[in-house]
Amino acid sequence: MADLSAFPITAKWPATNPDLIQLYSLPTPNGVKVSIALEELGLAYEPHLVDFGTNAQKSPEFVSLNPNGRIPALIDPNGPDGKPIGIFESGAILIYLADKTGKLLPKEGAARYAVLQWLMFQMGGVGPMFGQYGHFHKFAADKVENNPYPAQRYRDESRRLLGVLEAQLEKGPWLTGEDYTIADIATWPWVRCLKVFYDGEADLGLADFPRVLDWWARAEARPASQKGLGIPARV
């Protein structure tokens, strides 16, 4: 049985089976990237809910694994050289899991970098900008009701990014062509969030991006997506 005692996070979220990958997360767009990937890859794992309501992500135990205090994070008891490894940042986790299994990311060559660049597009653009859009559209609307600039800025940028995705998806069913990859897994939950969580469908004019909507539907229909969207289960 793996010894995870070197990871203080396990004191707050004890491992029932320390031989399994330990996932510390919440079913947000960033969180479900990893649970969906784990399901797609067929890796056994144990999910732990990190409750934002109690600021558990800021606890000393969580910060010991991710100094930035953000979900998701994980421990793989069977990391490089067979030793446990802790990883944070959803993009880094997706690359690690794909490399571990040899799936969802080409091992080498131009095809690998095509996936990585679209993964970085999500990490640097889609996630931060869609998140800011949701903040000002839904959660801080009362604070900026006399100043339309913040909401308009992030609405315009979100539509621009949706346009980039729309153009890319003219080339194939998935972001980098014929194969579903970690780039798709990283990105479509954020598009889903615009409608399902931020209530921005009409405001953003999502109907103007039919290829994006079809791509999202294809991705969400996958069995791994259906399962991963609810992991970890909210209490």
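On a predicted model such as this, the values are computed, not experimentally measured, just so you know.

Asks: I'm lost on the pattern of salt bridges in this one. Help?
Replies: Close approach of charged atoms allows side chains with opposite charge to pair. Taken as a whole and assessed by the stated rule, the structure comprises 12 salt bridges. Here Arg-211 ties to Glu-170 by a salt bridge, and the two come within 3.8 Å at their closest N and O atoms. Of the two residues, Arg-211 is situated in helix α9 (residues 210–220) and Glu-170 in the loop between α6 (149–168) and α7 (182–196); the sequence distance between them amounts to 41 residues. Given a relative accessible area of 38%, Arg-211 falls into the partly exposed group.

Asks: Explanation requested: the side chain of Glu-46 in the structure shown.
Replies: Checked against the element boundaries, Glu-46 lands in strand β2 (residues 45–49). Buried charge Glu-46 goes without a salt bridge, the closest partner of opposite sign being Lys-227 at 14 Å. Reaching out from Glu-46, the side chain makes a polar contact with the backbone nitrogen of Asn-17 at a distance of 2.9 Å. Side-chain polar atoms of Glu-46 contact the side chain of Gln-22, separated by 3.4 Å. Here Glu-46 is in contact with Pro-14, Ala-15, Thr-16, Asn-17, Leu-20, Ile-21, Gln-22 and Leu-23, once residues within four sequence places are set aside.

Asks: Just checking my understanding: could you explain α7 for this structure?
Replies: Because an α-helix completes one turn every 3.6 residues, residues spaced three or four positions apart along the sequence face the same direction. Given a rise of 1.5 Å per residue, 15 residues ought to cover 21 Å, and the 22 Å separating the end C-alpha atoms of α7 matches this to within 8%. Among the 15 residues of α7, 12 are classified as buried, and the element is accordingly described as predominantly covered. Of the residues making up α7, those classed as buried are Ile-182, Ala-183, Asp-184, Ile-185, Ala-186, Thr-187, Trp-188, Pro-189, Trp-190, Val-191, Cys-193 and Leu-194. The distance from a side-chain oxygen at the start of α7 to the backbone nitrogen of Ala-183 is 3.1 Å, and the residue carrying that oxygen is Thr-181.

Asks: I tried to follow the pairing of β2 on my own but got confused; where do I start?
Replies: For a regular strand, side chains alternate in direction, first toward one face of the sheet and then toward the other. Pairing analysis gives five bridges linking strand β1 (residues 21–25) to β2, with the strands arranged parallel. Within β2, the residue paired with Gln-22 across the bridge is Glu-46. Between the parallel elements β1 and β2, the chain passes through helix α2 (residues 29–41) in a crossover that is right-handed.

Asks: Please clarify how the packing of aromatic side chains should be interpreted in this entry.
Replies: How two aromatic rings sit relative to each other is set out by the distance from centre to centre and by the angle between their planes. Tallied over the entire structure, the rule returns eight aromatic pairs. Through a chain of ring-to-ring contacts, three or more aromatic side chains come together here, namely Trp-13, Tyr-24 and Phe-62. Sitting over the ring of Trp-13, Lys-12 keeps its end group 5.5 Å from the ring centre. For the cation-ring pair, Arg-153 lies above Tyr-154, with the distance from its terminal atom to the ring centre recorded as 5.5 Å.

Asks: What is the right way to look at the packing of helix α4 (residues 90–101) against helix α5 (residues 109–139) in this model?
Replies: When two helices pack together, you describe them by how their axes are tilted relative to each other and by the distance separating the axes. Taken N-terminus to C-terminus, the directions of α4 and α5 make an angle of 155 degrees; their axes are 10 Å apart at the nearest point. With respect to each other, α4 and α5 are oriented roughly antiparallel. Our pair here, α4 against α5, has a crossing hand that is right-handed. Contacts from Ser-90, Gly-91, Leu-94, Ile-95 and Asp-99 in α4 reach Arg-112, Leu-116, Leu-119, Met-120 and Met-123 in α5. In terms of residue class, the contact of α4 with α5 is built from six nonpolar, two polar and two charged.

Asks: What am I meant to see in the environment of Leu-105 here?
Replies: Checked against the element boundaries, Leu-105 lands in the loop between α4 and α5. For Leu-105 and Gly-172, which are 67 residues apart along the polypeptide, the C-alpha to C-alpha distance reads 17 Å. Apart from residues no more than four positions distant in its own chain, Leu-105 is found in contact with Ile-95, Ala-98, Asp-99, Arg-112, Val-115, Leu-116 and Ile-182.

Rules and cut-offs
- Residues numbered from 1 in each chain as written.
- Predicted model: local features only at pLDDT ≥ 70, side-chain atom pairs only at ≥ 80, totals over all residues.
- Heavy atoms only, no water.
- Salt bridge = Lys/Arg side-chain N within 4 Å of Asp/Glu carboxyl O.
- Helix = DSSP H or I, 4+ residues; strand = E, 2+ residues; numbered from the N terminus.
- Buried < 20%, exposed > 50% of the residue type's maximum accessible area, 1.4 Å probe, protein only.
- Lys, Arg positive; Asp, Glu negative; His and termini not counted.
- Polar contact = N/O pair within 3.5 Å; in protein donor to acceptor, adjacent residues only side chain to side chain.
- Contact = heavy atoms within 4.5 Å.
- Expected span 1.5 Å × (residues − 1).
- Pairing = 2+ DSSP bridges.
- Right-handed = clockwise from strand over helix to strand, strands pointing away.
- Phe/Tyr/Trp six-rings, centres within 6.5 Å; stacked < 30°, edge-to-face > 60°.
- Lys NZ or Arg CZ within 6 Å of the ring centre and 35° of its normal.
- Axes fitted to C-alpha atoms, helices over the stretch in contact; angles between N-to-C directions.
- Parallel < 35°, antiparallel > 145°, perpendicular 65-115°, else oblique.
- Left-handed = near helix turned anticlockwise from the far one by under 90°.
- Nonpolar A, V, L, I, M, F, W, Y, C, P; charged D, E, K, R; others polar.

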